[in-house]
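Here is what each chain is made of, one letter per residue.
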Amino acid sequence: MKLMLMDIMDYTTSDGPGFRTSVYCSGCNHACKNCQNPQTWNILNGKPTEVKEIFEHIAANDLANVTFSGGDPFYQPKAFSELARMIKFNTDKDIWCYTGFTIEEIFKDENLMELFRWVDVLVDGRFEEDKKDPDLLFRGSSNQRLIDVKKTLKTGKIVLYDYEPFVELPEEEEVFI
Ligand code: SF4
């Protein structure tokens, strides 16, 4: 199976926590105002690439987790589901996925649900210029949510991903000389 690919970047740090291999696809119909990647909208701008080839690139990096982005991976749910299945069966990497669909829209479409079930954290919703906030972690506008997919599927309620990037260090012990 082939996936319409724009780029793969190694060791990204802005598409989720830690080092990640980011897979950027072509294809997006959401047309958000001031989208940073309008060149990805046309799916034909991507290069047809074997899913296995993308998986091998990802698996060759022991350190990095994985992010699917675009474009919108949910316009290619079958190819990304296949890639996610390979990742989950053969590695212990976590998968983040960006989409312009809201989780409520995904719930209504079984084709989209197929990919959703493989994801660990979903960043959902279109980019909304009037809600843009540069202080937000891993997303552009405040309507977008970081969703813990496994807990959401388990509880049947939308559970936000609990991420605390700033770990408080213990106070230094007093040293007497
Ligand atoms: S969903 Fe993402 S790629 Fe698609 S138009 Fe919106 S910001 Fe651009």
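Anyway, here's the lowdown on the structure attached to this text. Here the residue numbers are simple positions, counted from 1 along each chain's written sequence. Two thresholds apply to this predicted model, a pLDDT of at least 70 for residue-level local features and 80 or more for giving and counting side-chain atom pairs, whereas whole-chain, interface and lining totals are computed over all residues.

As a further point, take the site of the ligand. Near the ligand there are 13 residues, and of these Cys28, Cys32, Cys35, Gly100 and Phe127 occur at the shortest range. When the residues that make up the shell around the ligand are grouped by side-chain class, the tally is five nonpolar, six polar and two charged. The criterion for a residue being near a molecule or strand is simple: its C-beta atom, placed using the backbone, must lie within 6 Å of it. Charged means Asp, Glu, Lys or Arg here, nonpolar means Ala, Val, Leu, Ile, Met, Phe, Trp, Tyr, Cys or Pro, and polar covers whatever is left, Gly included.

Another aspect to go through is the packing of helix α1 (residues 51-59) against helix α2 (residues 77-90). Note on definitions: angles span 0 to 180 degrees between N-to-C directions of axes, and those axes are lines fitted to C-alpha atoms, for helices only across the stretch in contact. By definition, any uninterrupted DSSP run of H or I lasting at least four residues is a helix, any uninterrupted run of E lasting at least two residues is a strand, and each is numbered from the N terminus. It is at 10 Å that the axes of α1 and α2 come closest, and there the two elements cross at 40°. When the axes of α1 and α2 are compared, the pair comes out oblique. In this structure, α1 crosses over α2, and the sense of that crossing is right-handed. Contacts from Val51, Ile54, Phe55, Ile58 and Ala59 in α1 reach Ala79, Glu82, Leu83, Met86, Ile87 and Asn90 in α2. Comment on the angle field: the value is read as roughly parallel under 35 degrees, roughly antiparallel over 145, roughly perpendicular from 65 to 115, and oblique elsewhere. Crossing handedness follows the turn of the near helix against the far one: under a right angle anticlockwise gives a left-handed crossing, and clockwise gives a right-handed one. This entry defines residue contacts through backbone-placed C-beta atoms, with two residues in contact when those atoms are within 7 Å.

Once that is clear, we can look at the pairing of strand β2 (residues 20-25). Across the six residues of β2, six count as buried, placing the element largely inside the fold. Every second residue of β2 is oriented toward a common face, with Arg20, Ser22 and Tyr24 on one face and Thr21, Val23 and Cys25 on the other, all of them buried. Sheet topology note: the strand β1 (residues 2-12)/β2 ladder contains five bridges and is antiparallel. Paired with Met9 across the bridge in β2 is Ser22. One ladder, built from five bridges, connects β2 with strand β4 (residues 65-69); its direction is parallel. Note that in β4 the partner of Arg20 across the bridge is Asn65. Each residue is classed by its C-beta neighbour count within 10 Å, where at least 20 other C-beta atoms makes it buried, 12 or fewer makes it exposed, and intermediate counts make it partly exposed; the C-beta atoms are placed from backbone geometry. In this scheme, strands are said to pair when DSSP sees at least two bridges between them.

Next up on the list: unusual backbone geometry. That bond from Gly70 to Gly71 is cis: its omega, 10°, falls within 30 degrees of zero. Considering the arrangement of structural elements, one finds Gly71 in the loop between β4 and α2. Of note in the backbone geometry, Tyr11 takes a positive phi value of approximately 55° without being a glycine. With respect to the element layout, Tyr11 can be found in strand β1. Assessed through the 12 C-beta atoms surrounding it within 10 Å, Tyr11 is described here as exposed.

Here we come to the nonpolar core. Considering soluble globular proteins, one finds that nonpolar side chains tend to be buried as a cluster. Ranked by internal contacts, the top residues of the largest apolar core, which has 36 residues, are Leu3, Ile54, Leu83, Ile95, Val119, Val121 and Leu122. Contributions of two or more residues to this core are made by β1, β2, α1, β4, α2, β5 (95-98), α4 (110-116) and β6 (121-124). Sorting elements by how many residues they give to this core places α2 first, with five residues. Among all residues touching Ile95, those that are not within four sequence positions of it are Val66, Phe68, Ala84, Ile87, Trp118, Val119 and Asp120. Only buried Ala, Val, Leu, Ile, Met, Phe, Trp, Tyr and Cys residues enter a nonpolar core, and they are joined through C-beta atoms within 7 Å.

So, about the sheet that holds β1. Here seven strands make up an open sheet; going across it, the order is β3-β1-β2-β4-β5-β6-β7 and the pairing mixed. Edge positions in the open sheet fall to β3 (47-50) and β7 (145-148), since each of these has one partner strand only. For this sheet, the mean inter-axis angle between neighbouring strands, taken without regard to orientation, is 30°. Where β5 and β6 come together, three bridges link them in parallel fashion. Along β6, the bridge assignment pairs Trp96 with Val121. The strands touched by α1 within the sheet are β1, β2, β3 and β4, with β1 carrying the most contacts at an inclination of about 5°. Running over the sheet, α2 touches β1, β4 and β5 and is turned about 45° from β1.

If you check which residues of α1 are buried, you get Val51, Ile54, Phe55 and Ile58. When α1 is viewed along its axis, its buried side chains cluster within an angular range of 100° and face the same direction. Facing away from the buried side of α1 by more than 90 degrees, the exposed set consists of Glu53 and Glu56. In the core, the buried residues of α1 are packed alongside β1, β2, β3, β4 and α2. Within this analysis, the arc is defined by the directions that extend from the helix axis to the C-beta atoms.

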